[in-house]
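Fold and contact review
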Amino acid sequence: MRIYLIGMMGSGKSTLGKELSKRLGYKFIDMDCYIEEKCCKFIDEIFRDYGEEWFRAFETNTLQEFKKMDDVVIATGGGVIKNKKHKKLMDGKCIYLSVPVEILEERLAFDDTRPLLKKRSVRSILEERIPLYEYFSDLTVENIDMNQAIDKIMEALK
């Protein structure tokens with residue numbers, strides 16, 4: 001089985017994903033880190049040098065690679081849902097980690113590595129993406145307390 005964690009930047013996909021993968025005995029992949037390794041550049045450098053459109057195309061190719069893997073928890077990039085075709089590629093359990101905007105703003109207040117936050121607010125990005133996260137999601141879990149969120153996910157996976 002493949003478990004895809006979706007949600008806004010700062011929603012805890014990577015942190016929760018690492019712990020969830022341990023509990024399940026699955027491999028963990030951070031999609032942004034995977035892309036950075038493949039491109040030998042950080043995400044903000046990829047955006048700067050090639051643009052968002054190129055990055056999104058690379059994201060699609062990466063999702064196709066993930067279809068060959070089993071027993072894996074994948075923390076996707078926050079914008080993976082911007083391409084509705086990705087829903088078909090993400091052929092496992094898709095779990096939306098929902099976090100109130102005020103908490104996201106606190107978590108991201110001093111993070112200068114997010115290319116989209118240089119142009120837009122967390123609130124405006126979230127408002128645009130919520131319907132897409134809901135469209136992609138098989139399960140929505142609020143991730144304010146990571147252990148409670150993982151318990152809810154584990155219960156739902158039984």
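Residues numbered from 1 in each chain as written. Predicted model: local features only at pLDDT ≥ 70, side-chain atom pairs only at ≥ 80, totals over all residues. Heavy atoms only, no water.

Some points on the side chain of Ser-21
Take Ser-21: it is sitting in helix H1 (residues 13-24). Assessed through its relative accessible area of 5%, Ser-21 is described here as buried. Apart from residues lying up to four places away in sequence, Ser-21 is in contact with Tyr-26, Lys-27, Phe-28 and Val-73. (Helix = DSSP H or I, 4+ residues; strand = E, 2+ residues; numbered from the N terminus. Buried < 20%, exposed > 50% of the residue type's maximum accessible area, 1.4 Å probe, protein only. Contact = heavy atoms within 4.5 Å.)

Let's talk about helix H7 (residues 122-136)
The terminal C-alpha atoms of H7, which comprises 15 residues, lie 20 Å apart, in line with the 21 Å expected from a rise of 1.5 Å per residue. At Arg-129, H7 shows its strongest bend, of approximately 40°, with the proline Pro-131 following within four residues. All buried positions along H7 are accounted for by Val-122, Ile-125, Leu-126, Arg-129, Leu-132, Tyr-133 and Phe-136. If you follow the buried residues of H7, they end up packed against strand S1 (2-6), helix H4 (52-66), helix H5 (86-89), strand S4 (93-98) and helix H6 (101-108). (Expected span 1.5 Å × (residues − 1). Bend = angle between axes of the 7 residues up to and from the residue.)

Digging into the nonpolar core
Core analysis: the largest hydrophobic core is formed by 35 residues, its most contacted members being Ile-6, Met-8, Ile-35, Leu-63, Phe-66 and Met-90. Counting residues per element, the ones that place at least two in this core are S1, helix H2 (31-39), helix H3 (43-50), H4, strand S3 (72-75), S4, H6 and H7. Ranked by residues supplied to this core, first place goes to H7 with six residues. Leu-5, Ala-75, Ile-95 and Ala-149 belong to the second largest nonpolar core, which has 13 residues in total. (Core = buried A, V, L, I, M, F, W, Y, C linked by side-chain atoms within 4.5 Å.)

Focus: the pattern of salt bridges
A complete count under the given rule lists 14 salt bridges for this structure. For Glu-65, the salt bridge goes to Lys-38, with nearest N and O atoms at 3.7 Å. One end of the pair, Glu-65, is in helix H4; the other, Lys-38, is in helix H2, and 27 residues separate them in sequence. Overall, the relative accessible area of 27% leaves Glu-65 in the partly exposed class. Across the salt bridge formed by Glu-59 and Arg-56, the nearest N and O atoms sit 3.1 Å from each other. Of this pair, Glu-59 and Arg-56 both sit in helix H4, three residues apart, roughly one helical turn. On the accessibility criterion, Glu-59 (0% relative accessible area) is buried. (Salt bridge = Lys/Arg side-chain N within 4 Å of Asp/Glu carboxyl O.)

None of the figures reported here should be taken as evidence of function without further support.
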